[in-house]
Amino acid sequence: MADTADTITGIECPVYLQYHFTAGRAPARFLTRIKEGVLSGQRCPRCSNVYIPPRGSCPACGVPTEEEVELPDKGTVQSFTVVAIPIPNNPIKPPFVVANLVLDGANISFIHLLSECENSEVRIGQRVQAVWKPREEWGYAMDNIRYFRPIDEPDVPVAQIGKLPVTGREG
Amino acid sequence: MSTLAAVVGIGQTQYKTRRGDVSIAGLVREAAVNALQDAGLEWDDIEAVILGKAPDMFEGVIMPESYLTDALGCNGKPMLRVHTAGSVGGSTALVAASHVQSGSFKRVLTVTFEKQSESNAMWALSTPQPFSVHLNAGAGGYFAPIIREYMRRSGAPRDVGIKVAVKDRLHGARNPLAHLQLPNITMQEVEESMMLWDPLRFLEACPSSDGACAMVIAAEELVHESPKPPAWIRGVAMRSEPTMYAGRDEVNPQAGRDCAADVYRQAGITDPRRDLDCAEVYVPFSWYEPMWLENLGFAAQGEGWKLTMAGATSLDEGGDIPWNCSGGVLSSNPIGASGMIRFAEAARQVRGDAGAHQVPGAKLALGHAYGGGAQFFAMWVVGADKP
Ligand SMILES: [Zn+2]
């Protein structure tokens with residue numbers, strides 16, 4: 001008769017999954033360009049908003065996007081959080097800043113890491129620029145940009161965030 | 001909608017960090033048996049089964065529905081599995097309701113579950129994609145910047161989230177099924193808890209729970225066969241929108257506003273704060289109470305936090321529109337079931353069967369769920385009176 005101390009109620013069963021990602025035309029173009037160090041978005045023919053990374057359509061208008069727009073690696077903090085929660089197997093050590101960033105000339109934010117900054121000084125409207133990995137490490141991935149860091153430019157007023165031209169503040 | 005339908009049975013499990021005593025099959029069966037008992041029915045009285053849960057990777061069991069057919073008495077009956085991320089508990093209830101309202105079936109069992117202790121939801125939500133950086137920030141990392149934007153826009157005082165965290169845990173202490181039992185929680189304790197995703201603290205976030213929730217929904221002609229008062233389904237609505245598009249208002253999503261307008265119109269509600277007696281609303285992070293108060297039309301834009309701070313949503317403070325009397329998602333969060341728990345708790349209120357968290361004389365209640373990047377919405381209004 002088994003001792004109750006030997007009774008198990010569960011066992012570890014790891015699940016592994018490797019998948020082939022079919023990006024589709026617009027994201028494939030974006031990934032091809034970012035491998036060359038270029039940030040490339042697409043403009044909606046109807047509302048003129050610029051999407052990056054592009055998914056090939058503007059969900060607001062329901063139309064395909066085809067016109068390619070090359071964007072600078074400068075942008076603005078639209079919002080952010082400071083992540084302090086320890087998550088298993090996370091290579092990034094908390095606390096770290098995750099920011100919703102809008103590139104100059106773009107009309108939609110994406111999420112990236114913000115570094116080389118005092119976490120307590122990060123703010124909505126802050127100006128930032130990409131810090132790229134060494135060229136030889138570039139692949140078909142958004143993390144060719146290691147992180148964004150603050151730059152010495154005046155903050156963007158809230159009403160202007162997501163509405164700057166590709167030339168940025170000077171434009 | 002042709003046939004009138006009502007909730008005639010509700011069954012829940014205890015919600016807790018880990019149910020090591022039962023398998024997933026055992027967990028869903030426990031909720032289902034409780035619902036059948038509550039409805040005074042047997043397995044043979046059920047014509048179809050509608051099952052829901054959040055992503056399969058939350059347990060690492062792919063297509064759990066295929067192995068749960070037996071535990072849920074589906075042999076020889078139609079069975080359907082629903083998935084709409086965190087709102088799935090709500091949308092599953094609505095799929096079940098529509099199977100009865102359409103006249104397809106006269107009595108349907110619907111069950112939702114999550115056994116979060118079996119895997120890591122934070123990891124399961126963070127699968128790498130090449131066009132996005134892999135930051136491993138979890139759900140809180142996604143919603144915290146949206147909350148920060150709400151705080152900026154509304155100018156709400158910093159302690160609104162803390163107040164919601166305390167209020168929902170005091171509600172939860174009235175509900176013996178709630179996972180977190182914190183009857184002595186204080187504002188100071190919440191404020192001093194670890195900042196996980198600034199501005200969200202540990203005690204402002206939902207727990208991770210194991211649990212299941214089930215309901216039996218019957219057509220009007222069979223409602224009298226169950227002994228307890230029914231909860232009449234007075235309105236049902238679902239809406240969705242893309243996670244990302246230029247100009248999207250993430251703080252106050254259009255799909256949520258449209259969904260609420262639709263369900264209120266069906267139920268004849270013109271002023272939700274006045275017309276409803278209580279609401280069970282999906283609030284997994286404290287600040288989503290003031291945000292949804294505005295999205296759902298209980299307060300004007302930028303003013304939701306005023307209701308919270310005035311105690312309007314608190315049972316303990318005698319508020320006029322108590323929200324989440326069961327303790328809400330902040331007290332129990334088996335993700336796939338969390339939406340259905342909101343729908344079921346709304347039904348318990350109008351059946352007068354909510355025990356120590358009953359709103360006296362509740363006649364009309366809202367059940368609400370949202371999921372994905374706040375892109376899927378599911379709502380129903382249930383009433384004590386037949387429409
Ligand atoms: Zn457009």
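What you see is a predicted model, and the numbers here were worked out from it, not measured in a lab. (Residues numbered from 1 in each chain as written. Chains lettered and ligands numbered in written order. Predicted model: local features only at pLDDT ≥ 70, side-chain atom pairs only at ≥ 80, totals over all residues. Heavy atoms only, no water.)

Q: I would appreciate a short explanation of the coordination of the zinc ion in the present structure.
A: Residue and element names in this part refer to chain A. Coordination of the zinc ion by the protein comes from Cys44 (SG), Cys47 (SG), Cys58 (SG) and Cys61 (SG), over a distance range of 2.3 Å. Given four donor atoms and angles of 106 to 112° at the metal, the environment of the zinc ion is assigned as tetrahedral. Each donor residue of the zinc ion belongs to the same chain, with the gaps between them written as C-x2-C-x10-C-x2-C. Overall, Cys58 belongs to the buried group, its relative accessible area being 0%. (Donors = N, O, S within 2.8 Å, 3.2 Å for Na, K, Ca; no water. Tetrahedral: all angles 85-135°; square planar, octahedral: opposite > 155°, others 65-115°. Buried < 20%, exposed > 50% of the residue type's maximum accessible area, 1.4 Å probe, protein only.)

Q: Can you walk me through the sheet that holds strand S5 (residues 67-71) of chain A in this structure?
A: Strand pairing in a sheet relies on backbone hydrogen bonds, with the paired strands running either antiparallel or parallel. Residues and elements named next belong to chain A. Sheet architecture is open: three strands sit in the order S2-S1-S5, paired in antiparallel fashion. Of all strands in the sheet, those bounded by a partner on one side alone are strand S2 (50-51) and S5. Here strand S1 (residues 39-43) pairs with S5 via five bridges, running antiparallel. Residue pairing for S5: Gln42 is matched across the bridge by Glu68. (Pairing = 2+ DSSP bridges. Helix = DSSP H or I, 4+ residues; strand = E, 2+ residues; numbered from the N terminus.)

Q: Where do I start with the interface of chain B and chain A in this structure?
A: Accessible area lost when the parts come together is the quantity often used to give the size of an interface. Each partner contributes residues to the interface: chain B has 32 residues there, and chain A has 40 residues. Buried area between chain B and chain A, both sides added, is near 3,100 Å², and the carbon and sulfur share of it is 67%. Summed over the shared surface of chain B and chain A, the result is zero salt bridges. In this structure, the connection of chain B to chain A is made through nine residue pairs in polar contact (both at pLDDT 80 or more). The set of elements that each furnish at least two residues to the side of chain B that touches chain A consists of helix H5 (138-154) and strand S5 (195-198) of chain B. The element that contributes the greatest number of residues to the side of chain B that touches chain A is H5 of chain B, accounting for seven residues. In the side of chain B that touches chain A, the residues fall into 18 nonpolar, nine polar and five charged. As judged from the two bridges shared by strand S6 (residues 74-83) of chain A and S5 of chain B, these two strands associate in the antiparallel manner. Bridged to Val82 of chain A within S5 of chain B is Asp198 of chain B. (Contact = heavy atoms within 4.5 Å. Buried area = accessible area lost by both parts, 1.4 Å probe. Salt bridge = Lys/Arg side-chain N within 4 Å of Asp/Glu carboxyl O. Polar contact = N/O pair within 3.5 Å; in protein donor to acceptor, adjacent residues only side chain to side chain. Nonpolar A, V, L, I, M, F, W, Y, C, P; charged D, E, K, R; others polar.)

Q: I'm lost on the domain arrangement of chain A in this one. Help?
A: Residue and element names in this part refer to chain A. Segmenting chain A into domains produces domain 1 (22-71) and domain 2 (73-171). With centres defined by C-alpha atoms, the gap from domain 1 to domain 2 works out at 19 Å. Of the residues lining the interface, 17 residues belong to domain 1; the matching set on domain 2 comes to 17 residues. Taken together, both faces of the contact between domain 1 and domain 2 bury some 1,400 Å²; the carbon and sulfur share is 74%. At the junction of domain 1 with domain 2, the criterion picks out zero salt bridges. Broken down by secondary-structure element, the contributors of at least two residues to the side of domain 1 that touches domain 2 are helix H1 (25-34), S2 and S5. In terms of residues, the side of domain 1 that touches domain 2 owes the most to one element, H1, which gives four residues. Per-class residue counts for the side of domain 1 that touches domain 2 are ten nonpolar, four polar and three charged. (Domains from an automatic or database assignment.)

Q: Please clarify how the packing of aromatic side chains should be interpreted in this entry.
A: Here a ring pair, both rings aromatic, is described through the centre-centre distance and the interplanar angle of the planes. In total, this model carries 17 aromatic pairs over all chains according to the counting rule given. Each ring, one from Phe298 of chain B and one from Trp323 of chain B, has its centre 5.2 Å from the other, and the planes form 90°; the classification is edge-to-face. In this pair, Phe298 of chain B sits in the loop between helix H11 (288-295) and helix H12 (304-310) while Trp323 of chain B sits in the loop between H12 and helix H13 (328-331), placing the two residues 25 residues apart along the sequence. Across the pair, exposure class does not vary: Phe298 of chain B and Trp323 of chain B are buried alike. Measuring from ring centre to ring centre gives 4.9 Å for Phe343 of chain B and Trp380 of chain B, while their planes differ by 40°; the resulting arrangement is tilted. Remark: Trp380 of chain B occurs in strand S11 (residues 376-383) and Phe343 of chain B occurs in helix H14 (residues 335-351); sequence separation between them is 37 residues. On the accessibility criterion, Trp380 of chain B (0% relative accessible area) is buried. A network of ring pairs unites the aromatic residues Tyr142, Phe143, Trp197, Tyr282, Phe285, Tyr288, Trp292, Tyr370 and Phe377 of chain B as a single cluster. Directly above the aromatic system of Tyr140 of chain A lies the positively charged group of Lys35 of chain A, at a separation of 5.3 Å from the ring centroid. One cation-aromatic arrangement involves Arg148 of chain B over Phe80 of chain A; the distance from NZ or CZ to the ring centre is 3.7 Å. (Phe/Tyr/Trp six-rings, centres within 6.5 Å; stacked < 30°, edge-to-face > 60°. Lys NZ or Arg CZ within 6 Å of the ring centre and 35° of its normal.)

Q: How should the confidence of the model for chain B be read in this particular structure?
A: Fine structural detail should not be taken from predicted coordinates in areas where pLDDT scores are low. For chain B, the mean per-residue pLDDT works out to 96, and 100% of the residues sit at or above 70. On the interface metric, ipTM, the complex scores 0.92, and its pTM is 0.96. (pLDDT = per-residue confidence, 0-100.)

Q: Looking at this model, I keep getting lost on the side chain of Glu250 of chain B. Mind explaining?
A: All names here are of chain B. You can see Glu250 is positioned in the loop between strand S8 (231-240) and helix H9 (254-267). Although Glu250 is buried, it forms no salt bridge, and the closest oppositely charged side chain is Arg248 at an N-O distance of 4.1 Å. Setting aside residues up to four positions removed in sequence, Glu250 forms contacts with Tyr142, Ile146 and Thr243. (Lys, Arg positive; Asp, Glu negative; His and termini not counted.)

Q: What is the right way to look at the nonpolar core in this model?
A: Residues and elements named next belong to chain B. Tyr288, Trp292, Leu296, Phe298, Leu366 and Trp380 are the most contacted members of the largest nonpolar core, which has 138 residues in total. Element by element, the count of residues in this core is highest for H14, at nine residues. Sequence-distant contacts of Tyr288, that is, excluding residues within four places in its chain, are made with Phe143, Ile146, Ile147, Val283 and Tyr370. Counting residues in each nonpolar core, the second largest holds 31 residues, with Ile46, Val49, Val111 and Ala214 among its members. (Core = buried A, V, L, I, M, F, W, Y, C linked by side-chain atoms within 4.5 Å.)

Q: Explain the side chain of Asn295 of chain B here, please?
A: All names here are of chain B. Residue placement: Asn295 occurs in helix H11. Owing to a relative accessible area of 3%, Asn295 belongs among the buried residues under this scheme. Excluding its chain neighbours within four sequence positions, the residues that come into contact with Asn295 are Asn252, Pro253, Gly256, Arg257 and Phe377.

Q: When you look at the pairing of strand S10 (residues 364-371) of chain B in this model, what are you seeing that I'm missing?
A: Where a strand is regular, its side chains alternate between the two sheet faces. Residues and elements named next belong to chain B. Burial within S10 is extensive, with eight of its eight residues counted as buried. Of the two faces of S10, the one lined by Leu364, Leu366, His368 and Tyr370 and the one lined by Ala365, Gly367, Ala369 and Gly371 are each fully buried. In the sheet, strand S9 (residues 278-280) pairs with S10 via three bridges, with the strands oriented parallel. From the neighbouring strand, Ala279 faces S10, where its bridge partner is Leu366. One ladder, built from eight bridges, connects S10 with S11; its direction is antiparallel. Along S11, the bridge assignment pairs His368 with Met379. Where S10 folds back onto S11 in an antiparallel hairpin, the turn is made up of four residues, including Gly372, whose phi is positive at roughly 65°.

Q: It is not clear to me how empty space enclosed by the protein should be interpreted in this structure. Could you clarify?
A: A probe as big as a water molecule, rolled over the atoms, marks out the empty space that is left. All names here are of chain B. Counting across every chain of the model gives two cavities of 30 Å³ or more. Counted as a void, the largest cavity has a volume near 60 Å³. In terms of lining, the largest cavity is formed by Gln12, Tyr15, Asn175, Ala178, Ser326, Gly327, Gly328, Ser331, Ser332, Ile341, Arg342 and Glu345. Where the lining of the largest cavity is concerned, the elements lending two or more residues are H13 and H14. When residues in the lining of the largest cavity are grouped by element, the largest group, three residues, is from H14. (1 Å grid on protein atoms, 1.4 Å probe; cavity = no way out; pocket = protein on both sides within 12 Å on 5 of 7 lines; lining within 4 Å. Points joined across faces, edges and corners; volume = space filled by probe spheres on them.)

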